[in-house]
Amino acid sequence: MPPLFRRAADRLTDAAPGWLVETVRPVPAPLRWWPMLRMAVAVTVPLLLGFATGDVTVGLLPALGAMNAGMADRGGPYRARIILMGAAGVAGALGYLVGSAVRGHGWWIVPVVVAVSVVSAFISTGGATGSAAGLQLLVMTGIATGIGLPGASEANALAFLLGVLWVIVLGVADWPFHPRAPERAAVIEVYQALDRLFSDRDAPALAAFDTALKRGYDVVLGARSPAAGLDPGRTRLVALLNQASLIRNALLSLRYEGREPPAGTVPAVRAVAGSLAGGPAPRMSPCEPGSPAARALHFAVRGAAELASGGDVAADQLPYEPVGYRSRILAVAEQMWRGHLVRVYTVRLGLCMGVAAAFSASGRFERSYWMMLTVALVLKPDFGSVFARAVQRALGTVVGALIGTLVLVLVPYGPQLLIPIAVCAALMPYGMQRNWGLMSTFQASLVLLLVDLLTHGGPDLGRIRLVDTLIGCVIVLVLGYLPWPASWEAPVGPRLADAVAATANYLRHAFDTEHTGRARLRRGVYDTLGDLRTVFQRALAEPPVISRRVTTWMPAMAALEQVADAVAATVARTERGAPPPSEAAVRALARSLEDIAGDIRGGRDPGDVGLCVEEPLEPVHSAVRCLRDTVSGDRQD
């Protein structure tokens, strides 16, 4: 940033409240040129074809379909990306048909939009694909109620789908040449994080590794085929992820012993990452005598090196289990219908969209479909804090409207507009990485320019967009946020209780070598801890009156991570020669964790962890006592 702009930004930062600065602060992110170029090409090529045929409106819906489906793409395995973008595109086309059918029918817009909102809310609870599909169903319904295009609605919906197909083709163009590139990249990222863990085993480095590992499992397992049978290539990648988890736990056990990693293990881990990227096969020196933790680390690293070199996958390295479509559909259906929060979200969304539709039907606002668009985008619980998104959306739209207005003033109507359209489209994926408000800035500018291609509205469109978006944000805050106390409270406590219970379940079976599901239980612990960190980070974006209460859980979260790490490290040592704990002591500690989980759910202070401490479990016992003490302190606060 130039010095002049940096000084201005520093002055604004000093003048603004601290919570507001944290809400809108962009996170660091690298420039990823291919997604940016792909989005620019996906949006501008249909418009260019429209100009070439003499009717730019021909390219508007394909460009809109490409933009919406392209923003639903979050990377990962090709098959999962196709399903995600395809589902979002089909739902958007259906939404366009519904909105077109009700356009011009006055107040009938309101009940139809409310009904679509209810359907969208239930669909959105069905994982990432359901969330993208539900959002596009609602967004395109709102847009189609306010924008009339020449031609039959069915033909326009097909044009929208052609844009979706276009961006899918661009997104998976290199699939035939590099079919497992996303999965390999995710595993390489895990081993790079593991490399950093050798020199820094503090909590942030461990959290970074755990996040990379969780994403690695999601990407690799998300690429599996639903058919019966195993894919040897993906099975090997899963086994490499399991070995990375074993290496992490062995490093922790070395920390408890006060020792450093044996020579040769660090270069071997780096060589594993290099070989996955196309480098030479890693080599591992013979095992040297040492402590149980040192032996555990050496054997774990050697196992990873053998897997990367093409060695056989052992039976105990947990190949994935194929899951059929029927099981997935039943799991999604159960999640859609369970829980109070789903019903509350449905009511909130229906109420806010109904009010926004009523504003649109009243005819008092120009292009009031932007209100419905704002409500649909802001009131998404799986996108993070509603309050933070409303603030970011408002600020991003203000800046985006100003940029779009400036472009419309300086650039004459015609093909010249494709240049700023391409720039805004390219910057949207980058903005999504940095901050949702920054993405809204580029999206607001892009949509403004697209609407101008259709309506020739000129610079006045910026004012209209700004007013409608701000009203939509007010609707969300006044009707969808403030009257609902559940929306003020982040569920950190219940998620912490779930993580404690998962840790207790893992501890109960962690030392049973005959138990075949130990690796899954261990991964479940760190998955719940990752979900807990996500909920906690989202809660910090709430206003200070809420975020201050949430921060009281931070010591308990750190203590629980110590418990999980102590269990994993102790297991690593006992598997390589350290004396195992007695079954009675393990059961007693597991019961203590289960009691703490119940006390958190019931809002009670946990009782004392009065146990006879065995030497192998001493780190675990100390961590459980620390957890008990911090939870008691949090309850008093």
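Residues numbered from 1 in each chain as written. Predicted model: local features only at pLDDT ≥ 70, side-chain atom pairs only at ≥ 80, totals over all residues. Heavy atoms only, no water.

Let's talk about the overall build of the protein
So, point 1. In terms of helices and strands, the protein carries 27 helices and zero strands.
So, point 2. By the burial criterion, 51% of the 637 residues in the protein qualify as buried.
So, point 3. Considering only residue pairs separated by 6 or more positions, the protein has 78% of its internal contacts joining residues 24 or more positions apart. (Helix = DSSP H or I, 4+ residues; strand = E, 2+ residues; numbered from the N terminus. Buried < 20%, exposed > 50% of the residue type's maximum accessible area, 1.4 Å probe, protein only. Contact = heavy atoms within 4.5 Å.)

Description of the side chain of Thr-469
So, point 1. If you trace the backbone, Thr-469 turns up in helix H20 (residues 460-479).
So, point 2. Those residues in contact with Thr-469 that lie beyond four places of it in its chain are Thr-374, Arg-393 and Thr-397.

A short note on the pattern of salt bridges
So, point 1. Counted according to the given criterion, the structure contains eleven salt bridges.
So, point 2. Of the charged contacts in the structure, one is a salt bridge between Arg-302 and Glu-306, with a shortest N-O distance of 4.0 Å. Taken together, the residues Arg-302 and Glu-306, both in helix H13 (residues 292-308) and four residues apart, mark about one turn of the helix.
So, point 3. Here Arg-302 falls in the partly exposed class, since its relative accessible area comes to 30%.
So, point 4. For Glu-594, the salt bridge goes to Arg-508, with nearest N and O atoms at 2.9 Å. You can see Glu-594 sitting in helix H26 (residues 583-602) and its partner Arg-508 sitting in helix H22 (residues 492-510), a full 86 residues away along the chain.
So, point 5. Taking relative accessible area as the criterion, Glu-594 reaches 35% and is therefore assigned partly exposed.
So, point 6. The exposure class of Arg-508 is partly exposed, given its relative accessible area of 28%. (Salt bridge = Lys/Arg side-chain N within 4 Å of Asp/Glu carboxyl O.)

Section: H13
So, point 1. An ideal rise of 1.5 Å per residue puts 24 Å on 17 residues; H13 measures up with 24 Å between its terminal C-alpha atoms.
So, point 2. Among all positions of H13, only Pro-292, Ala-293, Ala-294, Ala-296, Leu-297, His-298, Ala-300, Val-301, Gly-303, Ala-304, Ala-305 and Leu-307 are buried. (Expected span 1.5 Å × (residues − 1).)

Considerations on the nonpolar core
So, point 1. Among the nonpolar cores identified, the biggest contains 82 residues, and Val-43, Leu-47, Met-353, Trp-370, Ile-421, Leu-446 and Leu-453 are the most heavily contacted of them.
So, point 2. Take this core: its biggest share by element is ten residues, from helix H19 (residues 436-455).
So, point 3. Dropping the residues within four chain positions of it, Leu-446 is found in contact with Val-43, Met-67, Ile-421, Cys-424, Ala-425 and Met-428.
So, point 4. Counting 43 residues, the second-largest nonpolar core is a separate cluster that includes Leu-194, Ala-205, Val-238 and Ile-247. (Core = buried A, V, L, I, M, F, W, Y, C linked by side-chain atoms within 4.5 Å.)

Here's the deal with a nonpolar patch on the surface
So, point 1. There is a patch of nonpolar side chains on the surface, built from Val-90, Leu-94, Leu-97, Leu-158, Leu-161, Leu-162, Leu-165 and Val-169 and spanning about 680 Å² of accessible area.
So, point 2. Among the secondary structure elements, those contributing two or more residues to the nonpolar patch are helix H5 (78-102) and helix H8 (153-171).
So, point 3. Counting residues per element, the nonpolar patch draws most heavily on H8, at five residues.
So, point 4. Here Leu-158 lies in helix H8. (Patch = residues over 30% accessible without salt bridge, like charges linked within 9 Å, V, L, I, M, F, W, Y side chains within 5 Å. Areas by Shrake-Rupley, 256 points an atom, 1.4 Å probe, with all protein chains shown as cover.)

Some remarks on the side chain of Asn-68
So, point 1. Its place among the elements puts Asn-68 in helix H4 (residues 57-72).
So, point 2. Judged by its relative accessible area of 9%, Asn-68 is buried.
So, point 3. For Asn-68, the residues in contact, after removing those within four places along its chain, are Gln-136, Met-140 and Phe-160.

Some thoughts on the packing of helix H3 (residues 33-53) against H8
Each pair of packed helices gets described by two things: the angle between the helix axes and the distance between those axes.
So, point 1. Relative to each other, H3 and H8 sit at 150 degrees, their axes nearing to 10 Å. When the axis of H3 is compared with that of H8, the two are roughly antiparallel. When you trace H3 past H8, the crossing you get is right-handed. Side by side, H3 and H8 meet where Trp-34, Arg-38, Val-41, Ala-42, Val-45 and Pro-46 of the first sit next to Trp-166, Val-167, Leu-170 and Gly-171 of the second. (Axes fitted to C-alpha atoms, helices over the stretch in contact; angles between N-to-C directions. Parallel < 35°, antiparallel > 145°, perpendicular 65-115°, else oblique. Left-handed = near helix turned anticlockwise from the far one by under 90°.)

Re H20
So, point 1. Compared with the 28 Å implied by 1.5 Å per residue over 20 residues, the 29 Å span of H20 between its first and last C-alpha is a close match.
So, point 2. Those residues of H20 that sit buried are Leu-461, Gly-462, Ile-464, Arg-465, Asp-468, Thr-469, Ile-471, Gly-472, Cys-473, Ile-475 and Val-476.

Observations concerning the environment of Thr-374
So, point 1. Along the chain, Thr-374 turns up in helix H16 (residues 369-378).
So, point 2. Looking at Thr-374, the relative accessible area reads 0%, which means it is buried.
So, point 3. Residues Thr-374 and Ile-475, spaced 101 residues apart in sequence, show a C-alpha to C-alpha distance of 9.5 Å.
So, point 4. With residues near it in sequence (within four places) discarded, Thr-374 still touches Arg-393, Thr-469, Gly-472 and Cys-473.

Let's talk about the environment of Ala-133
So, point 1. Checked against the element boundaries, Ala-133 lands in helix H7 (residues 127-146).
So, point 2. A residue is classified by how much of its surface remains accessible, and Ala-133, at 11% relative accessible area, is buried.
So, point 3. Sequence spacing of Ala-133 and Gly-95 is 38 residues, and the spatial spacing of their C-alpha atoms is 10.0 Å.
So, point 4. Excluding residues within four positions of it along the chain, Ala-133 makes contact with Ala-87, Ala-88, Ala-91 and Ile-123.

Here we look at the packing of H3 against helix H18 (residues 418-434)
So, point 1. Contact geometry of H3 with H18 gives a least axis separation of 7 Å together with a crossing angle of 150 degrees. In terms of orientation, H3 and H18 fall into the roughly antiparallel class. Judged by the twist between their axes, the crossing of H3 over H18 is right-handed. Each of Pro-35, Met-36, Met-39, Ala-40, Val-43, Thr-44, Leu-47, Leu-48 and Phe-51 in H3 lies in contact with H18, whose residues at this interface are Leu-418, Ile-421, Ala-422, Ala-425, Ala-426, Leu-427, Pro-429 and Tyr-430.
So, point 2. Per-class residue counts for the contact of H3 with H18 are 16 nonpolar, one polar and no charged. (Nonpolar A, V, L, I, M, F, W, Y, C, P; charged D, E, K, R; others polar.)

Focus: the environment of Val-411
So, point 1. In this structure, Val-411 sits in the loop between helix H17 (386-410) and H18.
So, point 2. The residues contacting Val-411, other than those within four sequence positions of it, are Gln-416 and Leu-417.

Here we look at the confidence of the model for the protein
Caution applies to low-pLDDT regions: their predicted coordinates should not be interpreted in detail.
So, point 1. Averaged over the protein, the pLDDT score is 77; the fraction of residues at 70 or greater is 80%.
So, point 2. Highest mean pLDDT in the protein belongs to H8 (91); lowest belongs to helix H1 (residues 3-15) (43).
So, point 3. Below a pLDDT of 50 lies the segment residues 225-230, which in the model reaches twelve contacts outside its immediate sequence neighbourhood of four places, other chains included.
So, point 4. A low-confidence stretch, residues 318-324 stays under pLDDT 50, and its non-local contacts, those more than four residues away or across chains, total 24 contacts. (pLDDT = per-residue confidence, 0-100.)

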